[in-house]
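Listed here are the chains, written in short residue letters.
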Amino acid sequence: MKNRYLTICMLLIVLVSCKSNTGTHSHDAEGVHSHNHDNESPINYFGNYSLINEGYGTKTIVTVSGNTRKMVTNALPNHKTGAFPNQGNPNSISAQNKTYTFPVKPKYTGEAQWVREPGIALNGVKFEPGTAEVVVCDTGENYRVEAFQDLIDLGLDFNHAHVQPTGAYHYHGSPTSVIQNSDTGHDLVHVGFAHDGFPMYYSKSGAYKPSYKLLDGNREGEDCTYTARETIDVSVGGHHDGTYGSDFEYVEGYGDLDACNGININGQYMYLVTNEFPYVSRCLMGEVEQEERRGPQNREGGNRPRQRPSATDIIKQMDANKDGKLSEKEAKGPLADDFSKVDANKDGFISKEELEKGQKQNKQGRQGGRPQDNRN
């Protein structure tokens, strides 16, 4: 009788188990609540999936229809983070309201398009490898500070991430916890999607090397400062050590990856997040919507186009006696070198009108040429 009872119980367990598997529904140790509407494994992020974590507040829902992968997310990470605010980062993480679309069948062009935000992690948190921090020299040089350096404390946590003034948590490098959560035992771990639709992976063995190397020689620049909550003097002299983005140059064939940290493996193009510069792709090799082709970010978290400052801005910055024009003593950097050329009426001062005329002539002179790769 007892054996018969156990047999019936086992049959019931099997029946219940089979029924419960008609729709994938799982919880991990951290309370991640995942659904997959295509009855596929919840770790296959190429289909429909959702990540809902009440503990962390995460809500990311991805649906695939035709050639469109749509992600609706509040961009809250589904994992532990460092403490924010902290000494190097005064901002608190807060929910965002984001909707992203990616082509399911991306089109490779082979033409690098430089972007500020190359892609989005599987959990809805964005990748943003560059920073808004700039060292400015009176001699005209500008150096954009990298996230991983010893000059400035940016308050990065163990996920190589921190928070913008908007409350947006974002990754500057390899997203440690995403890698751990998405690890299926293979060397390549799927961590996100680039805005052109190609997948983003991380190699646990570091098998694929970037093709960027440090420049030879020393940097130039005098009387340089960095301003955030206070202004500090910075010496930019010395060899290129990776503190600034301009310390690196791309050398085709130097490593395994292309200029956008991408590679074709078994007929599939993908981007690699690496532990070496550029860490996360700074450009995209596939077709991408124009709105995604954005310049570096300003300190307030918005977009800042890659363009030279206006004549008004230049005079405002250099006009020490506030008379609305620049003397030869007040002019700095390249403007000081070209002072006599810009000073059209030879009165010893540069007016706003003269400066605007000089900028217009320079712009016309550059038309038709290839724009400089200015990615500090």
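Starting afresh in each chain, residues are numbered from 1 along the sequence in its written order. Local features in this predicted model are restricted to residues whose pLDDT is 70 or higher, and side-chain atom pairs enter the listing and the counts only when it is 80 or higher, whereas totals over whole chains, interfaces and linings include all residues. No hydrogens and no water enter the side-chain calculation; it runs on all heavy atoms of the structure.

Draft legend 1. Layout of the overall build of the chain. Helix and strand assignments follow DSSP, with helices taken as H or I runs no shorter than four residues and strands as E runs no shorter than two, numbered in order from the N terminus. Summing up its helical and strand segments, the chain has six helices and 24 strands in all. Scored against the burial criterion, the 376 residues of the chain give a buried share of 43%. Within the chain, contacts between residues at least 6 apart in sequence are counted, and of these 57% link residues at least 24 apart. Using the Shrake-Rupley algorithm and a 1.4 Å probe, accessible areas are obtained, with residue cover drawn only from the displayed protein chains. Accessible surface computed for the chain: about 20700 Å², of which carbon and sulfur atoms make up 49%. For every residue, the accessible area obtained with a 1.4 Å probe (protein chains only) is divided by the maximum for its type, and the residue is called buried under 20%, exposed over 50%, and partly exposed between those limits. Only heavy atoms enter the contact rule, under which two residues are in contact if any of them lie within 4.5 Å.

Draft legend 2. Spotlight on the environment of Tyr269. Assignment of secondary structure puts Tyr269 in strand β21 (residues 268-273). Separated by 17 residues in sequence, Tyr269 and Gly286 place their C-alpha atoms 9.6 Å apart. Reaching out from Tyr269, the side chain makes a polar contact with the side chain of Asp258 at a distance of 2.7 Å. Whenever a nitrogen or oxygen atom comes within 3.5 Å of another N or O atom, the pair is scored as a polar contact, on the condition that within protein one atom can donate a hydrogen and the other can accept it, and that pairs from neighbouring residues in sequence are kept only if both atoms are in side chains.

Draft legend 3. Broad picture of the sheet that holds β21. Strands sit in the order β12-β13-β9-β8-β14-β15-β21-β20 across an open sheet of eight strands; the sheet is mixed. The sheet terminates laterally at β12 (161-163) and β20 (262-265), the two strands that pair on one side only. One bridge is not enough; two strands pair if DSSP finds at least two bridges between them. In this structure, strand β8 (residues 119-121) lies alongside strand β14 (residues 188-194), joined through three bridges in antiparallel fashion. Across the sheet, Ile120 pairs through a bridge with Phe193, a residue of β14.

Draft legend 4. Just a negative patch on the surface, in detail. Patches in this entry comprise residues that are over 30% relatively accessible and not in a salt bridge; like charges within 9 Å are linked, as are nonpolar side chains (Val, Leu, Ile, Met, Phe, Trp, Tyr) within 5 Å. Think of a salt bridge as a Lys or Arg side-chain nitrogen and an Asp or Glu carboxyl oxygen that are within 4 Å of each other. We count Lys and Arg on the positive side and Asp and Glu on the negative side, and we leave His and both chain ends out. Charge positions are represented by NZ for Lys, CZ for Arg, CG for Asp and CD for Glu. A cluster of acidic residues, Asp138, Glu222, Asp223 and Asp233, forms a negative patch at the surface. With respect to the helices and strands, the residue Asp138 is situated in the loop between β10 (134-137) and β11 (142-144).

Draft legend 5. Main features of the packing of aromatic side chains. Pairs were defined over the aromatic rings of Phe, Tyr and Trp, the Trp ring being its six-membered one, requiring ring centres within 6.5 Å. Orientation was assigned from the angle between planes: stacked under 30 degrees, edge-to-face over 60, tilted for the rest. All told, the structure shown has 17 aromatic pairs when counted by the stated rule. Between the aromatic rings of Phe84 and Tyr169, the centroid separation amounts to 6.1 Å while the plane-to-plane angle is 75°, which identifies the pairing as edge-to-face. Separated by 85 residues along the polypeptide, Phe84 in the loop between β5 (68-73) and β6 (98-103) and Tyr169 in strand β13 (residues 169-171) bring together distant segments of the chain. Taken individually, Phe84 and Tyr169 each receive the classification buried, so the pair is uniform in this respect. Seen in terms of ring centroids, Tyr143 and Tyr244 are 5.2 Å apart; in terms of plane orientation they differ by 45°. Their pairing is tilted. Separated by 101 residues along the polypeptide, Tyr143 in strand β11 and Tyr244 in the loop between β18 (231-234) and β19 (248-250) bring together distant segments of the chain. Accessibility classification places Tyr143 together with Tyr244 in one group, the buried group. Of the aromatic side chains, those joined through ring pairs into one cluster are Phe148, Tyr212, Phe248, Tyr250, Phe277 and Tyr279. Note that Lys325 overlies the ring of Phe349, its terminal NZ or CZ placed 4.2 Å from the centroid. Criterion for a charge above a ring: Lys NZ or Arg CZ within 6 Å of the ring centre, and within 35 degrees of the ring normal.

Draft legend 6. How the structure looks around the pairing of β21. With five of six residues buried, β21 is to be regarded as a mostly interior element. Strand direction decides the pairing type here: strand β15 (residues 199-203) and β21, joined by three bridges, are parallel. Its bridge partner being in β21, Tyr202 is matched across the sheet by Val273. Note that β20 and β21 share four bridges and pair antiparallel. By the bridge assignment for β21, Asn264 is matched with Tyr269. Taken together, β20 and the strand that follows it, β21, pair antiparallel across an intervening segment of two residues, in which Asn266 is found at a positive phi of about 55°.

Draft legend 7. Expanded view of the pattern of salt bridges. The tally for this structure, following the rule as stated, stands at six salt bridges. Asp183 serves as the salt-bridge partner of Lys204, at 3.0 Å between the closest nitrogen and oxygen. In this pair, Lys204 is assigned in the loop between β15 and β16 (212-214) and Asp183 in the loop between α2 (176-182) and β14, connecting sequence segments 21 residues apart. Given the relative accessible area of 37%, Lys204 is considered partly exposed.

Draft legend 8. Representation of the sheet that holds β11. Strands sit in the order β11-β10-β17-β18 across an open sheet of four strands; the sheet is antiparallel. Strand pairing shows two members of the sheet lacking a second neighbour, β11 and β18, which therefore form its edges. Adjacent strand axes in the sheet meet at a mean angle of 25°, parallel and antiparallel pairs treated alike. As paired strands, β10 and β11 are joined by three bridges and run antiparallel to one another. When the sheet's bridge partners are listed, Val136 is paired in β11 with Asn142. Only the stretch in contact is used when fitting a helix axis, every axis being a line fitted to C-alpha atoms; angles between N-to-C directions are given from 0 to 180 degrees.

Draft legend 9. Summary view of the nonpolar core. Residues belong to one nonpolar core when they are buried, are Ala, Val, Leu, Ile, Met, Phe, Trp, Tyr or Cys, and are joined through side-chain atoms within 4.5 Å. If you look at the biggest cluster of nonpolar residues, it comprises 26 residues, and the most contacted ones within it are Phe127, Tyr169, Tyr171, Val191, Met200 and Tyr271. For this core, the secondary structure elements donating two or more residues are β12, β13, α2, β14, β15, β21 and β22 (283-286).

Draft legend 10. Broad picture of the side chain of Asn261. With respect to the helices and strands, the residue Asn261 is situated in the loop between β19 and β20. A polar side-chain atom of Asn261 sits 3.1 Å from a polar atom in the side chain of Thr274. In this structure Asn261 touches Pro210, Met270, Tyr271, Leu272, Thr274, Pro278, Tyr279 and Ser281, once residues within four positions along its chain are discounted.

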